[in-house]
Amino acid sequence: MGQVTGKLSWVGSEERYLDHLKPVTFENMVIGRYGGNSLAGADKNEDGLFILIGPGGTWEFSMLLDAHNTAESAELLIRTVKHISGEIEQCLSQPVHVAFKNLETLLLTTLGSDDFRSQCREVTGETACLICVRKENYLWWFSVGDNSVYLLHPELAARGQYLLNQRNYYEWIGYVNTFDQPVACFSSGVRELRKGRNVIVMTTDGLLEYGRLEHGKQTFEDPDKLYETFYYEKNLQACVEAAILEVHEAQGRDSATVVAWSYYNERAAVMPSDAK
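Remember, it's a predicted structure, so these values are computed and weren't measured experimentally.

(A) Structural view of helix α6 (residues 223–231). Buried within α6 we find L226, Y227, T229, F230 and Y231. Residues of α6 that are buried make contact with β8 (148–152), α5 (154–157), β11 (196–203), α7 (236–249) and β12 (256–265). Put simply, D222 is the residue that caps the front of α6, since its side-chain oxygen is 3.0 Å from the backbone nitrogen of D224.

(B) A look at the side chain of N147. Relative to the elements of secondary structure, N147 occurs in the loop between β7 (138–144) and β8. One polar contact links the side chain of N147 to the main-chain carbonyl oxygen of L64, over a distance of 3.1 Å. For N147, the contacting residues outside a window of four places in its chain are L64, L65, D66, A128, C129, L130, N165, R167, T203, T204 and D205.

(C) Broad picture of the nonpolar core. In this structure, F61, M63, I88, L103, I131 and I173 are the most contacted members of the largest nonpolar core, which totals 36 residues. Looking at this core, the elements that each hand over two or more residues are β4 (47–53), β5 (59–68), α1 (72–83), α2 (85–92), α3 (96–111), α4 (114–120), β6 (126–135) and β7. By residue number, the principal contributor to this core is α3, which donates seven residues. Those residues in contact with I131 that sit more than four places away from it in its chain are F61, S62, M63, L107, W140, W141 and F142.

(D) Representation of the state of the cysteines. On inspection of all chains with the given rule, the structure shows zero disulfides. Between C91, a free cysteine, and C129, which holds the nearest cysteine sulfur, the sulfur-to-sulfur gap is 16 Å. No disulfide involves C120; its nearest neighbouring cysteine sulfur is the one of C129, lying 11 Å away. Owing to a relative accessible area of 1%, C120 belongs among the buried residues under this scheme.

Each value, and the rule that gives it
- Residues numbered from 1 in each chain as written.
- Predicted model: local features only at pLDDT ≥ 70, side-chain atom pairs only at ≥ 80, totals over all residues.
- Heavy atoms only, no water.
- Buried < 20%, exposed > 50% of the residue type's maximum accessible area, 1.4 Å probe, protein only.
- Helix = DSSP H or I, 4+ residues; strand = E, 2+ residues; numbered from the N terminus.
- Contact = heavy atoms within 4.5 Å.
- Polar contact = N/O pair within 3.5 Å; in protein donor to acceptor, adjacent residues only side chain to side chain.
- Core = buried A, V, L, I, M, F, W, Y, C linked by side-chain atoms within 4.5 Å.
- Disulfide = S-S within 2.5 Å.

Right under this line is the structure:
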């Protein structure tokens, strides 16, 4: 098994990034961490993330967290996923037709274990959790809560298709824990990438729910606006910076974390682009 070429973890309790507009690059990803506008009363950041990049960029694993009450639930999830990172690498080193299935089994076993659920009862607060993995020409996601992942491509945009997962409210991991229910609630799925340049954008709700700007500008709740911002400009770092600046100028108080990357898929998609 090859070792990962990149690993990154962060939680807002370590560094809040208040009024912070400059995204950073990590391997092939752009990461924007914004703790909110301090003039609007922002004084904390309870988001978090954990990223693994496969050897030679063969795959990307990204976990995005949006906690509330405290960042303790995000910290717990990062520690937990770090602990199984070797097993995650083993899953994603397998052929793609079994990699995602085995990864989902690993995550459900870990998060549903007695030990993890016991630790959740000791934290204050809960977190939404979104995990997204790109391997070959496929994108897999696992979601608890209301974080969002978009797959952006002109052929999909022409049909109004942007958002991969449904944002679900009243669904968390932590003190209130979906894995403590008789049936755990989550969503997962796989999408084939279209041929050509695909852009993947993961975000917490701070990018979507900061209100309207003056002069009639739309927020990123409008997926067309998000697509125009993140796809047409080829410099993703500039895209993320522009999005965060818009939130900042609207005096967004909530934290907003964005992970974005592009992947050029040379494989033909199963259905031709002119299919009716």
